[in-house]
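Structural features, examined
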Amino acid sequence: MSRIASRFARVEPRRRVRDLVLGLLSDLPRKNCWSIAEWAGETSPDGMQHLLGRAKWDADRVRDDVREYVLEHLHDEGAVLVVDETGDVKKGTHTVGVQRQYTGTAGRIENSQVAVYLVYASRRGHAAVDRELYVPRSWTCDPDRCQAAGLGEDIAFATKPELAACMIGRFLDAGHHVGWVAGDEVYGGNPKLRTALEERGVGYVLAVACSHEVTTGAGKFRADALAAKVPKRAWQKLLAGAGAKGHRFYDWAVIDLAEPRSGHHQLLIRRNRTTGKLAYYRCWSPATAPLATLVRIAGSRWRVEETFQAGKGLAGMDEHQVRRFTSWSRWVTLAMLAHAFLTVVRADEHARHPTPDEVIPLTCNEIQRLFTTLVVQPVHDAAHRLGWSAWRRRHQARAQASHYRRQTAKGVALPQGPSGSG
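So, here's what we can say about the structure. (Residues numbered from 1 in each chain as written. Predicted model: local features only at pLDDT ≥ 70, side-chain atom pairs only at ≥ 80, totals over all residues. Heavy atoms only, no water.)

Let's shift gears to the overall build of the protein. Within the protein one finds 15 helices and twelve strands. With respect to the three principal axes, the spread of C-alpha positions in the protein is 85 × 55 × 45 Å. Each of the 422 residues in the protein was classed as buried or not, and the buried ones make up 47%. Sequence separation of 24 or more characterises 61% of the internal contacts of the protein that already satisfy a separation of 6 or more. Carbon together with sulfur atoms contributes 51% to the accessible area of the protein, which is approximately 21,400 Å² in total. Between the mean site of the 60 positive side-chain charges and the mean site of the 45 negative ones, the protein shows a separation of 4 Å. (Helix = DSSP H or I, 4+ residues; strand = E, 2+ residues; numbered from the N terminus. Buried < 20%, exposed > 50% of the residue type's maximum accessible area, 1.4 Å probe, protein only. Contact = heavy atoms within 4.5 Å. Areas by Shrake-Rupley, 256 points an atom, 1.4 Å probe, with all protein chains shown as cover. Lys, Arg positive; Asp, Glu negative; His and termini not counted. Charge placed at Lys NZ, Arg CZ, Asp CG, Glu CD.)

The structure is reproduced here in structure tokens:
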């Protein structure tokens, strides 16, 4: 917390942001301004809501602090930047960026908010270092709606690959080096993103669809048609990394491509050893990269899913109940910081205290449990709990009365009480 303290001019927001981050690290079943404020000992959620919505501090500068914190503790020369989006299912139409769209979180089209994240994945651990909210055209074409949600007047539509390119550029412009970028088909199928990475000299292994067309010395082919021509002897069994169910072995093949641009262009093909299902990757590197390296980079993409799972499950990244852009960016940035803290502690513990074979190494889940139990478990008396009960009921009464007034103005009949009165 001392690392980000200079981003807050007054002592009150410095103390409150510390309480909010500790609340994100707590074992609260639901994390929002109300539950964290009660947990932190405040008398109402007003202070937490002020911190997220109206207090003067720059979430982008704190985001930069999170990036430097992660790089300082997790850096290694073989690290990979992984880009991916995640969606949070939301109700209503007023939350910034919300519309009916596909989200992998639900596995279908839902009313949701989608953001693109940049994850730094190294041998020591992985954590998000940047984020950008995806603002659909239905929003950017409606200036009044954007203004109501706190988006700037100059907001313009940007695709997810464009948001990814922006974050990668920001990472490199900050003076950091990374050799590789990984991502799924949304990013691999975008030629502008691939060109931007080539111009910055950053290699990539990006997934593409089976219908993706590539050019070889023999002409242009679809990826699946080219895979059908691979001889049996060209396939190699290689490890793509460890997963939740053990080591992930696949069969792999690589084909050199004929591209006019500089560097080494390849199509990487992955075959499931059980089902035979194929997956395809566009690869580029300034110099020839061995197949084992390409496989390692392709396998790194799963780190982003683990980051999303931990960021949401342990740090409440998706539990914000805010509508405006400023509040969203502040909440997710502080959630990124909370998750990065757990990741860094885990990496340091593994480095300083090697685990015996008969014990599972410390996980982020276990570190959060220990940290909450031993360090930040607050105890509040009955008066505090009763005060919050009264505050909630007063707020609910005001909300109910406001709802009834709106319904009356629309000419809707109100529910009748036992005595026949409204």
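After that view, the rundown keeps rolling.
When the charged atoms of two side chains lie near each other, side chains of opposite charge can form a pair. A full pass over the atoms with the stated rule returns 28 salt bridges. Note that Glu-12 and Arg-10 form a salt bridge whose closest N and O atoms lie 3.3 Å from each other. Residue Glu-12 is classed as partly exposed on the basis of its relative accessible area, which comes to 38%. For Arg-16, the salt bridge goes to Glu-42, with nearest N and O atoms at 2.9 Å. Of this pair, Arg-16 sits in helix H1 (residues 11-25) while Glu-42 sits in the loop between helix H2 (33-40) and helix H3 (46-53), and the two are 26 residues apart along the sequence. A relative accessible area of 23% places Arg-16 in the partly exposed class. The network of salt bridges with common partners includes Asp-60, Arg-63, Asp-64, Arg-67, Glu-68, Asp-130, Arg-131, Glu-132 and Arg-170. (Salt bridge = Lys/Arg side-chain N within 4 Å of Asp/Glu carboxyl O.)

Right, let's talk about the packing of H2 against H3 for a bit. The description of two helices packed together rests on the angle between their axes and the distance between the axes. Between H2 and H3, whose axes approach to 8 Å, the crossing angle comes to 125°. Relative to H3, the element H2 lies oblique. Of the two elements, H2 crosses H3, and the hand of that crossing is right-handed. On H3, the residues that touch Cys-33, Trp-34, Ile-36, Ala-37 and Ala-40 of H2 are Met-48, Gln-49 and Leu-52. Here the contact of H2 with H3 is built from residues that sort into seven nonpolar, one polar and no charged. (Axes fitted to C-alpha atoms, helices over the stretch in contact; angles between N-to-C directions. Parallel < 35°, antiparallel > 145°, perpendicular 65-115°, else oblique. Left-handed = near helix turned anticlockwise from the far one by under 90°. Nonpolar A, V, L, I, M, F, W, Y, C, P; charged D, E, K, R; others polar.)

To continue, consider the pairing of strand S12 (residues 278-285). The buried fraction of S12 amounts to seven of the eight residues, a majority that puts the element mostly inside the structure. As judged from the five bridges shared by strand S6 (residues 203-208) and S12, these two strands associate in the antiparallel manner. Of the residues in S12, the one forming a bridge with Val-208 is Tyr-280. The antiparallel pairing of strand S11 (residues 264-271) with S12 creates a hairpin that spans six residues between the two strands, and Gly-276 there sits at a positive phi of about 80°. (Pairing = 2+ DSSP bridges.)

Along the polypeptide, Ser-44 turns up in the loop between H2 and H3. Side-chain polar atoms of Ser-44 contact the side chain of Asp-46, separated by 3.3 Å. (Polar contact = N/O pair within 3.5 Å; in protein donor to acceptor, adjacent residues only side chain to side chain.)

Our focus in this paragraph is the environment of Pro-290. Here Pro-290 is to be found in the loop between S12 and helix H11 (291-300). In this structure, the C-alpha to C-alpha distance between Pro-290 and Pro-13, residues 277 residues apart in sequence, is 51 Å.

This part is about the environment of Gly-150. Among the secondary structure elements, Gly-150 is positioned in the loop between helix H6 (143-148) and helix H7 (160-173). Spatially, the C-alpha atoms of Gly-150 and Ala-242 are 42 Å apart, while their sequence positions differ by 92 residues.

Quick look at the nonpolar core now. A general feature of soluble globular proteins is that nonpolar side chains tend to end up buried together. Tyr-117, Tyr-120, Phe-171, Val-205, Trp-252, Leu-268 and Tyr-281 are the most contacted members of the largest nonpolar core, which totals 108 residues. Sorting elements by how many residues they give to this core places helix H13 (residues 325-352) first, with twelve residues. The contacts of Trp-252, once residues within four sequence positions are left out, are Ala-234, Trp-235, Gln-236, Leu-238, Ala-240, Leu-268, Ile-269, Arg-270, Tyr-281, Leu-291, Val-295 and Ala-298. Of all hydrophobic cores here, the second largest spans 13 residues; its members include Val-208, Ala-227, Val-230 and Trp-235. (Core = buried A, V, L, I, M, F, W, Y, C linked by side-chain atoms within 4.5 Å.)

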